[in-house]
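Descriptive analysis of the structure
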2 protein chains.
Amino acid sequence: MKKRVRIIDVAEHAGVSPGTVDRVIHNRGKVSPEKREEVLKVMKELGYERNIAASILAKGENYRVAVLLPDYNEDPYWKQPFAGAEEARKQVQHFGLNIEYYFFKLLSPEDFDRQARNILKTQPDGTRPDGILFSPLFLNEGEELLNKCDNLNIPCVIINTNLQSSKKLSYIGQHSYQSGVLAARLLNFGTPKKRTVIILNLTKGSTNAKHLIEKKEGFQYYFDNYGNKKVKVVNLEFEEFNDNEKLKTFLQGLIEKYTNLSGIFFTNSRAYKAIQCLDEKIVKKIKIIGFDLIESNLNYLREDKINFLINQNPIEQGFLGIQTLYKHLVEKEAVEPIQYLPLDIVVKENMQYYQKRGYQVETLLTA
Amino acid sequence: MKKRVRIIDVAEHAGVSPGTVDRVIHNRGKVSPEKREEVLKVMKELGYERNIAASILAKGENYRVAVLLPDYNEDPYWKQPFAGAEEARKQVQHFGLNIEYYFFKLLSPEDFDRQARNILKTQPDGTRPDGILFSPLFLNEGEELLNKCDNLNIPCVIINTNLQSSKKLSYIGQHSYQSGVLAARLLNFGTPKKRTVIILNLTKGSTNAKHLIEKKEGFQYYFDNYGNKKVKVVNLEFEEFNDNEKLKTFLQGLIEKYTNLSGIFFTNSRAYKAIQCLDEKIVKKIKIIGFDLIESNLNYLREDKINFLINQNPIEQGFLGIQTLYKHLVEKEAVEPIQYLPLDIVVKENMQYYQKRGYQVETLLTA
DNA sequence: AAATTTTTTGTGTGCGAACACAAAAAAAAC
DNA sequence: GTTTTTTTTGTGTTCGCACACAAAAAATTT
């Protein structure tokens, strides 16, 4: 148990005052080059490490982080990153990280933009947030926010949807392409003969389509290279998924057209919307793969109407997002620019274990 | 951003000195009942919360935690909990938690016991560890260690194998029974007709058999209640798995005997030992499910010789184990007595994401 | 060469809790 | 009622860092 090296130890060895060492550590300038070099050398020699507890105490509660997510009342999926962030907040609040939440309307780029402006507005005390966690569902507006933050020197962590921009501190989420490959593998597993599989995208055009395209490509790739060569892949999209009648007509059309239909891969969390519209017997004959452990999907998983759900760890996304900002701001540690979360294969028999933090979502939101 | 309530605030409101409040908080006795009550009341009223950073700083680096695991040179699986613990150590070392590792010979209860005694020996400075993390592979010796620690008031976190004893702070690991059910589900998925499945236990009698029995029961339960009713389940054990010739003979015997063999479920990480001995064509005809993402298994997963691996998150077990002790000792927060980790279904297409921390295992151990 | 400005370096205080020790109050012994 | 002992309460120092401010040294100006 080697005793820690302190600033004052470094100062003594370097023949300077603690104040000078402090200036070197924090780059507060006003240090002559020679002393600067000497201090850096001694720090390395002695292996100086900042005492984080003392640092936090001396600094006071100072960091402000803004979290911008879709309003979860419109889509229960978004409860989960929120819950994860809340969980992390409880831990890091002791160490000087405070969090403010902002919510935008799920399908409205305008609202996203409005909230983003709110976040960046200077407070009465003249400050801006020290970090932002958000999900860039809209490509342009997301990039714009990243750019603004880059100018203001505010680190951003983005979750769920990746942007190519290098102006982010870190991306946390799934590898879209690979999730498509995985879905294909699972569907292929239950498709021995010459059959048809459908990849169906229930979404409106306005949202960031990039990760949906990647899923499709991954899905196609698997069947082209590894899967049962006799399987035909059909690629479809349907926008009016909120109109039950239209959706029903659309789906029945598919069933009639593709008589040798083996399975459907839903590219997002809306598998349950389709299953609602279909006859039980038909559903059970088709293999169905969807995304996300939201309650409506889980119910169908229990009833064996959905065969597999792929979990993209939304709770963990929120949790890790806050943790990453904490690491960067408070501990000043380097963070990974891309943090891919596992693609969990969820069936009835293991679903319970992926909802652990999920329990708190409910209690949290009714409070 | 409400300002924090400090001890001195509580003291003022209660009309006592900070020392008295301190005594109440730490139960250092010597406080008159009236003042004690008053202080507690005020603490609740003002919502006092300990400033953890200040607390850690004032206390100094004080906590010592011992970690007792099997020697990973004998079984690569055990590299993983070690790596997880190391990862956690890096984080909590800043906050006053120091870790010492002890290793015991995998199949030797005597060595486990010897190391346990080492751990509990008082140090030159008269102290014992403040907490212990271990894996109670041997039922009796594990219980004994728990009992001793209970007497000495040392909190214990156990991983991998559960013990019924209530004298543990927390268990972290899988739900054995449910993992059996899950394996059955996956095997059943690929078994349409009247066939035979084998559940095979490659182990020596000496280790704690309890979680193996639970796996078997879960496996059987699924086929009895939900699975294909025409499947016959055969329950076997083989001890001399390290003798390739004998194992080969044994397995070929099985193949000949059960001509309609559909799949084998290996109850631990030794699936690879069996596959080594078998002909490629035969392996590919049989569905194989095993446990644990060790390199030999992963290779066979890549080659499609193993269909599914169930991951019991050994890295996370080590990581969470240390975190749990940190929470208990340093943050003094309540911890969950049982923390079940997910039963991950791993195939070729998602295996990479479950090894994230695993990468560091290699670099760690060659250093 | 003295006075002034600018750059560089050193000193001191506070953050909040833990713990040792001193002081005061209460109880017991005489 | 005084002294001694025990219980209860209060005070002061420490942990290591951040940051404000004071002091010293160097560079400019006069």
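What you are looking at is a predicted structure, and each value in this text was computed from that prediction instead of being measured.

What follows covers the sheet that holds strand S7 (residues 232–238) of chain A. All names here are of chain A. Strands sit in the order S7-S6-S8-S9-S10-S12 across an open sheet of six strands; the sheet is mixed. In the strand order of this sheet, the two ends are held by S7 and strand S12 (344–346), each with one partner. The sheet shows a mean angle of 20° between the axes of neighbouring strands, direction not considered. Pairing geometry for strand S8 (residues 261–266) and strand S9 (residues 287–291), over three bridges, is parallel. Residue pairing in the sheet places Phe265 in a bridge with Ile289 of S9.

Moving on: the relation of the copies chain A and chain B. The transform that puts chain A on chain B rotates by 180° and translates by 0.0 Å along the axis, for an RMSD of 0.1 Å. The symmetry that links the two subunits is that of a two-fold axis. Scanning chain A for the C-alpha nearest the rotation axis identifies Ala53 of chain A, at a separation of 2.3 Å. Both copies contact each other with a shared surface, as 100% of the interface residues of chain A are interface residues in chain B too.

Moving on, we come to the packing of aromatic side chains. Following the criterion strictly, the structure yields 39 aromatic pairs over all chains and no others. Relative to Tyr221 of chain A, the ring of Tyr177 of chain A lies with its centre 6.1 Å away and its plane at 50°, an arrangement referred to as tilted. Here the residue Tyr177 of chain A occupies a position in helix H8 (residues 176–189), and Tyr221 of chain A occupies one in helix H9 (residues 210–225), the gap between them amounting to 44 residues. Ring geometry for Tyr222 of chain B against Phe223 of chain B: centres 6.1 Å apart, planes inclined by 90°, an arrangement best described as edge-to-face.

Counting from both sides, the interface comprises 46 residues of chain A and, opposite them, 46 residues of chain B. Across the contact surface, chain A and chain B share four salt bridges. For the pair chain A and chain B, the number of links is seven residue pairs in polar contact (both at pLDDT 80 or more). Of all the elements in the fold, those that place two or more residues in the side of chain A that touches chain B are helix H4 (52–59), H8, helix H14 (314–329) and S12 of chain A. Looking at the side of chain A that touches chain B, its residues break down into 21 nonpolar, 10 polar and 15 charged.

This part takes up the pattern of salt bridges. Summed over the entire model, instances satisfying the criterion amount to 34 salt bridges over all chains. For Lys90 of chain A, the salt bridge identified is with Glu87 of chain A, shortest N-O distance 3.9 Å. Of the two residues, Lys90 of chain A and Glu87 of chain A are both situated in helix H5 (residues 79–92); the distance of three residues between them amounts to about one turn of the helix. For Lys90 of chain A, a relative accessible area of 40% gives the class partly exposed. The exposure class of Glu87 of chain A is buried, given its relative accessible area of 16%. The partner of Arg117 of chain B in a salt bridge is Asp113 of chain B, and the shortest N-O contact between them spans 3.1 Å. Within this pair, Arg117 of chain B and its partner Asp113 of chain B are both found in helix H6 (residues 109–120), separated by four residues, close to a single helical turn.

A few words on the protein's contact with DNA strand D. Contacts to DNA strand D come from 23 residues, most closely from Ile7, His26, Arg28 and Tyr48 of chain A together with Ser17 of chain B. Taken together, the sugar and phosphate atoms account for 68% of what DNA strand D places within 4 Å of the protein. Ala54 of chain A is positioned such that a nitrogen or oxygen atom in its backbone is 3.4 Å from a base nitrogen of DNA strand D. The leading source of residues in the surface near DNA strand D is H4 of chain A, at four residues.

In this section: the protein's contact with DNA strand C. Taken together, 24 residues form the shell around DNA strand C, and within it Ser17 and Ser32 of chain A together with His26, Arg28 and Tyr48 of chain B come nearest. Within 4 Å of the protein, the contacting atoms of DNA strand C are drawn from sugar and phosphate to the extent of 66%. Measuring from a phosphate oxygen of DNA strand C, one finds a backbone N or O atom of Ile7 of chain B at 2.7 Å. Separating a base nitrogen of DNA strand C from a backbone N or O atom of Ala54 of chain B is a distance of 3.4 Å. Mapped onto the surface near DNA strand C, the elements with two or more residues apiece are helix H2 (18–26) and H4 of chain A together with helix H2 (18–26) and helix H4 (52–59) of chain B. The greatest single-element share of the surface near DNA strand C, amounting to five residues, is contributed by H4 of chain B. Across the surface near DNA strand C, the residue classes tally to nine nonpolar, seven polar and eight charged.

All names here are of chain A. Those residues of helix H13 (residues 295–302) not exposed but buried are Asn297, Leu298, Tyr300 and Leu301. Taken down its axis, H13 places every buried residue within 160° of arc, on the same side. Remark: Asp304 follows H13 within two positions and exhibits a positive phi of approximately 65°.

Residues and elements named next belong to chain B. The residue Asn160 is not glycine, and still its phi comes out positive at about 75°. The residue Asn160 is located in the loop between strand S4 (156–159) and strand S5 (170–173) in this model. The phi dihedral of Asp304 falls on the positive side, at around 65°, and the residue is not glycine. On the secondary structure map, Asp304 appears in the loop between helix H13 (295–302) and strand S10 (308–311).

Take the side chain of Glu349 of chain B next. Residue placement: Glu349 of chain B occurs in the loop between strand S12 (344–346) and helix H15 (358–366). Given a relative accessible area of 6%, Glu349 of chain B falls into the buried group. Discounting residues that sit within four places of it in the chain, Glu349 of chain B has contacts with Gln178, Val181, Leu182, Arg185 and Tyr222 of chain A.

Let us now look at the sheet that holds strand S7 (residues 232–238) of chain B. All names here are of chain B. The six strands lie next to each other as S7-S6-S8-S9-S10-S12, forming an open sheet whose pairing is mixed. Two strands close off the open sheet at either side, each with one partner strand: S7 and S12. Sheet twist, expressed as the average angle between the axes of neighbouring strands with direction ignored, equals 20°. In the sheet, strand S6 (residues 196–202) pairs with strand S8 (residues 261–266) via five bridges, with the strands oriented parallel. Across the sheet, Thr196 pairs through a bridge with Leu261, a residue of S8. Along the sheet face, helix H10 (residues 244–257) touches S6 and S7 and points at about 165° away from the line of S7.

The rules behind each value
- Sequence order as written defines the numbering, with residues in each chain counted from 1.
- Going through the entries in the order they are written, you letter the chains from A and number the ligands from 1.
- Given that this is a predicted model, residues contribute local features only at a pLDDT of at least 70 and side-chain atom pairs are listed and counted only at 80 or more, while totals for whole chains, interfaces and linings are drawn from all residues.
- Side-chain calculation: all heavy atoms of the structure are included, whereas hydrogens and water are not.
- Here, any two strands with at least 2 DSSP bridges between them count as paired.
- Numbered from the N terminus, helices here are DSSP runs of H or I no shorter than four residues, and strands are runs of E no shorter than two.
- Note on method: axes are straight lines fitted to C-alpha atoms, helices fitted across the in-contact stretch only, with angles between N-to-C directions ranging 0 to 180 degrees.
- Here the copies are matched by least squares. The fit uses the C-alpha atoms of residues with pLDDT of at least 70 in both.
- In this description, contact between two residues means that some pair of their heavy atoms is separated by no more than 4.5 Å.
- When two rings of Phe, Tyr or Trp (its six-membered ring) have centres within 6.5 Å they constitute a pair, described as stacked for plane angles under 30 degrees, edge-to-face for angles over 60, and tilted for the intermediate range.
- Salt bridges are defined as contacts in which a side-chain nitrogen from Lys or Arg sits within 4 Å of a carboxyl oxygen from Asp or Glu.
- Counted as a polar contact is a pair of N or O atoms within 3.5 Å, where, for protein atoms, one must be capable of donating a hydrogen and the other of accepting one, and residues adjacent in sequence contribute only when both atoms are in side chains.
- Put simply, Ala, Val, Leu, Ile, Met, Phe, Trp, Tyr, Cys and Pro go in the nonpolar bin, Asp, Glu, Lys and Arg in the charged bin, and everything else, Gly too, in the polar bin.
- Here's how the labels work: a residue is buried when its accessible area is under 20% of the maximum for its type, exposed when over 50%, partly exposed in between, all with a 1.4 Å probe on protein chains only.
- Residue proximity to a molecule or strand is established when one non-hydrogen atom of the residue lies within 4 Å of it.
- In this description, the arc belongs to the directions extending from the helix axis to the C-beta atoms.

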